[in-house]
Amino acid sequence: MTLHTTLDEIVPYWHEPLYLLKVDTSDRGVVVPFPVHRYGHCNLTNREILGSLELLFALGH
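Calculation criteria
Residues numbered from 1 in each chain as written. Predicted model: local features only at pLDDT ≥ 70, side-chain atom pairs only at ≥ 80, totals over all residues. Heavy atoms only, no water. Helix = DSSP H or I, 4+ residues; strand = E, 2+ residues; numbered from the N terminus. Buried < 20%, exposed > 50% of the residue type's maximum accessible area, 1.4 Å probe, protein only. Contact = heavy atoms within 4.5 Å. Pairing = 2+ DSSP bridges. Lys, Arg positive; Asp, Glu negative; His and termini not counted. Salt bridge = Lys/Arg side-chain N within 4 Å of Asp/Glu carboxyl O. Patch = residues over 30% accessible without salt bridge, like charges linked within 9 Å, V, L, I, M, F, W, Y side chains within 5 Å. Areas by Shrake-Rupley, 256 points an atom, 1.4 Å probe, with all protein chains shown as cover.

**Q** Would you explain the side chain of Ser-52 in this entry?
**A** Within the secondary structure, Ser-52 sits in helix α2 (residues 46–58). Taking relative accessible area as the criterion, Ser-52 reaches 4% and is therefore assigned buried. If we skip the residues at most four places from it in the chain, Ser-52 touches Met-1, Leu-3 and Phe-34.

**Q** What am I meant to see in the environment of His-15 here?
**A** Within the secondary structure, His-15 is located in helix α1 (residues 15–22). Separated by 43 residues in the primary sequence, His-15 and Ala-58 have C-alpha atoms spaced 26 Å apart.

**Q** Looking at this structure, how should I read the pairing of strand β2 (residues 33–39)?
**A** Every regular strand shows the same layout, with side chains that alternate between the two sheet faces. One ladder, built from 5 bridges, connects strand β1 (residues 2–7) with β2; its direction is parallel. Within β2, the residue paired with Leu-7 across the bridge is Tyr-39.

**Q** Where do I start with the side chain of Glu-16 in this structure?
**A** Structurally, the position occupied by Glu-16 is in helix α1. No salt bridge is formed by the buried Glu-16, whose closest oppositely charged neighbour, Lys-22, lies at an N-O distance of 12 Å. Contacts of Glu-16, omitting those with residues within four sequence positions, involve Thr-2, His-4 and Pro-33.

**Q** Just to check I follow, could you spell out the pattern of salt bridges for this structure?
**A** This structure, assessed with the given rule, holds 2 salt bridges. Salt-bridge contacts for Arg-47 lead to Glu-54; the nearest nitrogen and oxygen are separated by 3.2 Å. Overall, the relative accessible area of 52% leaves Arg-47 in the exposed class. A residue is classified by how much of its surface remains accessible, and Glu-54, at 46% relative accessible area, is partly exposed.

**Q** Just checking my understanding: could you explain a nonpolar patch on the surface for this structure?
**A** Together, Ile-49, Leu-50, Leu-53 and Phe-57 line one region of the surface with nonpolar side chains, adding up to about 380 Å² of accessible area. With respect to the helices, strands and loops of the structure, Phe-57 is situated in helix α2. On the basis of relative accessible area, Phe-57 is assigned to the exposed category, the value being 62%.

Okay, here's the thing in structure tokens:
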């Protein structure tokens, strides 16, 4: 699971697909991107963080 703000001024969101290309998911599942449509680096709410964890558990990973 990756959380990334789409308007991140430090690590641009366009880095996300590049990161996904580098991740080796063989025998370990998949990477699930969780984009957050907001400005700022790691500008995430507690609800978004907890929601991503709930999704991760729901997917069985």
